[in-house]
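What follows is the residue order along each chain.
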Amino acid sequence: MIFDGHSDLLYDVTRRRLAGETHVLERYHLDRLRRGGVEGLVLAIWYGRGQGQTFWEGIPGAESAAHRLDVMLSCAQAEFAECPWLAAVRTAKEAEAARAEGKLYAFLAVESLEGLDTPEELDRLASLGLRLGMLTWNEENQFASGAACDPSRGLTPLGCQALRRMEDHEMLIDISHLNERGFWDVMKLARTPVIASHSNCRALCDVPRNLTDSQLRAIRDTGGVVGLNVHHKFVHQNPAEQTAETLARHAAHMADVMGIEHVACGFDFCEFMGPGNNGAAGLEDCGQIPNLFRCLEQLGMTPAECAMIARENLLRIFGKDSKISNCIPPQN
């Protein structure tokens, strides 16, 4: 069974609900989730506009990031009310209870803090059940800079305050979209496990959204995990190598560098967002997740190791409540 640490399904939920549809998850996604063996998800609230035109064009008030965030939160709440088969959870214990009842479980995450004026606004997000937060998507905001922005700009003073506030609310810090300077700033400050919910290895695919071996080891040293990302551009730069087999090699490399207990799933399936958002061959949608695990078995991973990657490692992080000692891992 699979616990997917990064899903953008709430993007599709919001897009369709704003167009007048209901029961979006059940009508368009539930069958594939079940076919893929998905037992739980981290549902990300990504309210950015991206690099191109999105459904936000023409929506009244959508020029405000804060308004887009509120719209997505409202749509998520309305959708959950229509899903008796889905439990919104905050802890690993609640997730296991939902699973025992035959329900899928969902943790909530915010993908960027764009539009927030102060770190104190995180209090409201935490009160709504959000358990994971990213300071940025790919944009530059008042807290930090994303992977596509100024490489010399790290966390701002407000970003440092926001990180500490997230930790105070037991929100996991997710660095998947931070630039490298911001990443190391987080490593200096973090007192709790840090995760990269949907990033791969730069050693196998040299793009800014992937992580160097030094970054992988730094996440390991906090007790965190890294989630495998199916997006084709993060799997390999050669289109012919953008396959489930290559993503399995990313998992093997992570296990060699960090240890198998720090490898997880964060698939970032977003084929529903249109052209250019496709996953690697053999992993075009979440119904094909078993293909990856067949590849892992072919690489020699045992059933116990596959289970750790599939669900156990990430679920363990959501069950942690202990602080780590502050340290700066070596950059080698």
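Residues numbered from 1 in each chain as written. Predicted model: local features only at pLDDT ≥ 70, side-chain atom pairs only at ≥ 80, totals over all residues. Heavy atoms only, no water.

Trainee: An account of empty space enclosed by the protein is requested, with residue identities and associated values reported.
Mentor: Gaps left between atoms are located by rolling a probe of water-molecule size over the structure's atoms. Taken as a whole, this structure holds two cavities of 30 Å³ or more when the rule is applied. Roughly 110 Å³ of volume is contained in the largest cavity. What lines the largest cavity is a set of 13 residues, among which Ser-7, Leu-9, Leu-33, Phe-269 and Cys-286 lie closest to the centre. Put simply, the parts of the chain that give the lining of the largest cavity at least two residues each are strand 1 (2–7) and helix 2 (24–35). Here the second largest cavity is characterised by a volume of approximately 40 Å³. Lining the second largest cavity, in full, are Gly-5, Val-42, Leu-132, Ile-195, Ser-197, Val-225, Gly-227, Ala-264, Cys-265, Leu-314 and Phe-318. Every element with two or more residues in the lining of the second largest cavity is listed here: strand 9 (263–265) and helix 11 (303–318). The class makeup of the residues in the lining of the second largest cavity is eight nonpolar, three polar and no charged. (1 Å grid on protein atoms, 1.4 Å probe; cavity = no way out; pocket = protein on both sides within 12 Å on 5 of 7 lines; lining within 4 Å. Points joined across faces, edges and corners; volume = space filled by probe spheres on them. Helix = DSSP H or I, 4+ residues; strand = E, 2+ residues; numbered from the N terminus. Nonpolar A, V, L, I, M, F, W, Y, C, P; charged D, E, K, R; others polar.)

Trainee: I'd like a description of the confidence of the model for the protein, backed by residues and values.
Mentor: Of the residues in the protein, 95% have a pLDDT of 70 or more, and the chain-wide mean is 94. Predicted confidence for residues 321–332 stays below pLDDT 50, and this span has 25 contacts to residues more than four positions away or in other chains. (pLDDT = per-residue confidence, 0-100. Contact = heavy atoms within 4.5 Å.)

Trainee: Before we move on, could you go through helix 7 (residues 180–189) and cite the residues and values that matter?
Mentor: Residues of helix 7 that are buried: Gly-182, Phe-183, Trp-184, Asp-185, Val-186 and Met-187. On its buried face, helix 7 sits against helix 6 (157–168), strand 6 (172–174), strand 7 (194–195) and helix 8 (213–222). (Buried < 20%, exposed > 50% of the residue type's maximum accessible area, 1.4 Å probe, protein only.)

Trainee: Would you mind going over the packing of aromatic side chains in detail, with residue names and values included?
Mentor: One pass over the structure, following the stated rule, counts eleven aromatic pairs. Consider the rings of Tyr-105 and Phe-107, whose centres lie 6.2 Å apart with planes at 85°: the pair is edge-to-face. The pair formed by Tyr-105 and Phe-107 is uniform in burial state, with each residue classed as buried. Centre to centre, the rings of Phe-107 and Phe-318 are 4.1 Å apart; their planes meet at 25°, and the pair counts as stacked. (Phe/Tyr/Trp six-rings, centres within 6.5 Å; stacked < 30°, edge-to-face > 60°.)

Trainee: Please give an account of the layout of surface pockets that cites residues and values.
Mentor: Its volume calculated, the second largest pocket comes out at about 180 Å³. Taken together, 16 residues form the lining of the second largest pocket, with Ala-147, Asn-179, Glu-180, Arg-202 and Pro-208 sitting closest to its centre. At three residues, the largest contribution of residues to the lining of the second largest pocket is made by helix 7.

Trainee: Could you give an account of the nonpolar core, naming the residues involved and the relevant values?
Mentor: Judged by nonpolar contacts, the single largest core of 94 residues is most densely connected at Ile-175, Val-186 and Phe-293. Excluding anything up to four places from it in sequence, Val-186 contacts Leu-155, Leu-163, Ile-173, Ile-175, Leu-178 and Val-194. Membership of the second largest hydrophobic core comes to 19 residues, among which are Phe-3, Ala-87, Ala-95 and Leu-172. (Core = buried A, V, L, I, M, F, W, Y, C linked by side-chain atoms within 4.5 Å.)

Trainee: Tell me about the pattern of salt bridges, and please be specific about residues and values.
Mentor: Throughout the structure, instances matching the rule amount to 20 salt bridges. Here Glu-120 and Arg-165 are joined by a salt bridge, their closest N and O atoms 3.9 Å apart. Of this pair, Glu-120 sits in the loop between strand 4 (104–111) and helix 5 (122–127) while Arg-165 sits in helix 6, placing them 45 residues apart in sequence. Glu-140 is the salt-bridge partner of Arg-153, the closest N and O atoms lying 3.8 Å from each other. Linking Arg-153 in the loop between strand 5 (130–134) and helix 6 with Glu-140 in the loop between strand 5 and helix 6, this pair joins segments that are 13 residues apart in sequence. Classification of Arg-153 by relative accessible area gives partly exposed; the value is 21%. The exposure class assigned to Glu-140 is partly exposed, which follows from its relative accessible area of 43%. One connected set of salt bridges, linked through shared partners, spans Asp-12, Arg-15, Arg-16, Glu-21 and Arg-27. (Salt bridge = Lys/Arg side-chain N within 4 Å of Asp/Glu carboxyl O.)

Trainee: Can you tell me about the packing of helix 1 (residues 9–18) against helix 2, naming the residues and giving the values?
Mentor: At a minimum axis distance of 9 Å, the contact between helix 1 and helix 2 shows a crossing angle of 150°. The angle between the axes of helix 1 and helix 2 places the two elements in the roughly antiparallel class. Considering how the two elements wind past one another, helix 1 and helix 2 form a crossing that is right-handed. Along the contact surface, helix 1 presents Leu-9, Asp-12, Val-13, Arg-16 and Arg-17, while helix 2 presents Val-24, Leu-25, Tyr-28, His-29 and Leu-33. Classifying every residue of the contact of helix 1 with helix 2 gives six nonpolar, one polar and three charged. (Axes fitted to C-alpha atoms, helices over the stretch in contact; angles between N-to-C directions. Parallel < 35°, antiparallel > 145°, perpendicular 65-115°, else oblique. Left-handed = near helix turned anticlockwise from the far one by under 90°.)

Trainee: Quick rundown of unusual backbone geometry? Include the residues and the values.
Mentor: The backbone phi angle of His-23 is positive, close to 50°, even though this residue is not glycine. By the secondary structure assignment, His-23 is in the loop between helix 1 and helix 2. For His-23, a relative accessible area of 34% translates into the label partly exposed. The phi dihedral of Ser-112 is positive, around 105°, even though this residue is not glycine. Within the secondary structure layout, Ser-112 lies in the loop between strand 4 and helix 5. A residue is classified by how much of its surface remains accessible, and Ser-112, at 2% relative accessible area, is buried.

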